[in-house]
Amino acid sequence: MNSPETDPGPGADDGPSEDLPLVAPQLRALRRRAGLTLEAAARAAGLSPAHLSRLETDRRQPSLPMLLALARIYGTTVSELLGETVADRDAVVRAADMEPTRAGGWTYWQAGGAGRGMQALRVHIPYGTQGDIVRVHPGEEWLYVLKGRLRLRLGDTTHVLAPGDSAHFDSLTPHRLAAADHDGTELLFVHTLLQSPTAALCVGPTHGEMP
């Protein structure tokens, strides 16, 4: 994903866009909540202070790369930057409420709240589904092996994780997950998601054998 562009100068994308909801009221509030000055936030996002000021005063609408960068800097999601709200959610997820979902031979249990910037799952991976992968996407992932052994491929390197082992990596690194034992493997799986129409959970099978 490309980094946000620096200030393109006067005349580019000036004025509110009909393609995006107004984000100005959120941008200033979230920057202040993060304890950042206009200058510090602009520098971290690769923008000029004048450009960020125009975004916060609704004289310019941000591009998607800008939204992604600002969401990371402010410790929030694109949904919150866009002013989207969700209904109140329970902080506790009971085991009895975790309905299993099957996809690509894997079984998933939702272990966290819906609509968050971080998603938590309990996952069972049966043996023989080496083609099933978590595809490349923005964010970070953390996993913890509960039962069985997991074969984790990160880029060109393959790791075998035993119960109690964990891994934490950038989701943009090409990665594959597979059970190393005939009884399959079970793990806790947590990953961050940028909440926007162009960034969604991508879990599912792809064809091809993992060595």
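Below is a summary of the structure that appears in this document. The model shown is predicted, which means the values in this text are computed figures rather than measured ones.

All right, on to the pairing of strand 8 (residues 166-170) then. The alternating pattern of strand 8 places A167 and F169 on a buried face, while none of S166, H168 and D170, on the opposite face, is buried. Here strand 5 (residues 140-147) pairs with strand 8 via five bridges, running antiparallel. Pairing of Y144 across the sheet is with S166, part of strand 8.

Turning to the pairing of strand 5, a few remarks are in order. Where strand 5 meets strand 10 (residues 185-192), six bridges bridge the pair, whose relative direction is antiparallel. Looking at the pairing, W142 lines up with V190 of strand 10.

Turning to the sheet that holds strand 9 (residues 175-179), a few remarks are in order. Spatially, three strands are ordered 7-6-9 in an open sheet, and the strand pairing comes out antiparallel. The sheet terminates laterally at strand 7 (157-161) and strand 9, the two strands that pair on one side only. Neighbour-to-neighbour, the strand axes of the sheet open up by a mean angle of 20 degrees, direction not taken into account.

Scanning the entire structure with this criterion turns up four salt bridges. A salt bridge links E56 to R31; the nearest nitrogen and oxygen atoms lie 2.6 Å apart. Placement of the pair is E56 in helix 3 (residues 49-56) and R31 in helix 1 (residues 24-33), with a sequence separation of 25 residues. Accessibility assignment for this pair places E56 and R31 in one class, buried. What you see here is one network of salt bridges that share partners, running through R28, R31 and E56.

Definitions and limits used
- Residues numbered from 1 in each chain as written.
- Predicted model: local features only at pLDDT ≥ 70, side-chain atom pairs only at ≥ 80, totals over all residues.
- Heavy atoms only, no water.
- Buried < 20%, exposed > 50% of the residue type's maximum accessible area, 1.4 Å probe, protein only.
- Helix = DSSP H or I, 4+ residues; strand = E, 2+ residues; numbered from the N terminus.
- Pairing = 2+ DSSP bridges.
- Axes fitted to C-alpha atoms, helices over the stretch in contact; angles between N-to-C directions.
- Salt bridge = Lys/Arg side-chain N within 4 Å of Asp/Glu carboxyl O.

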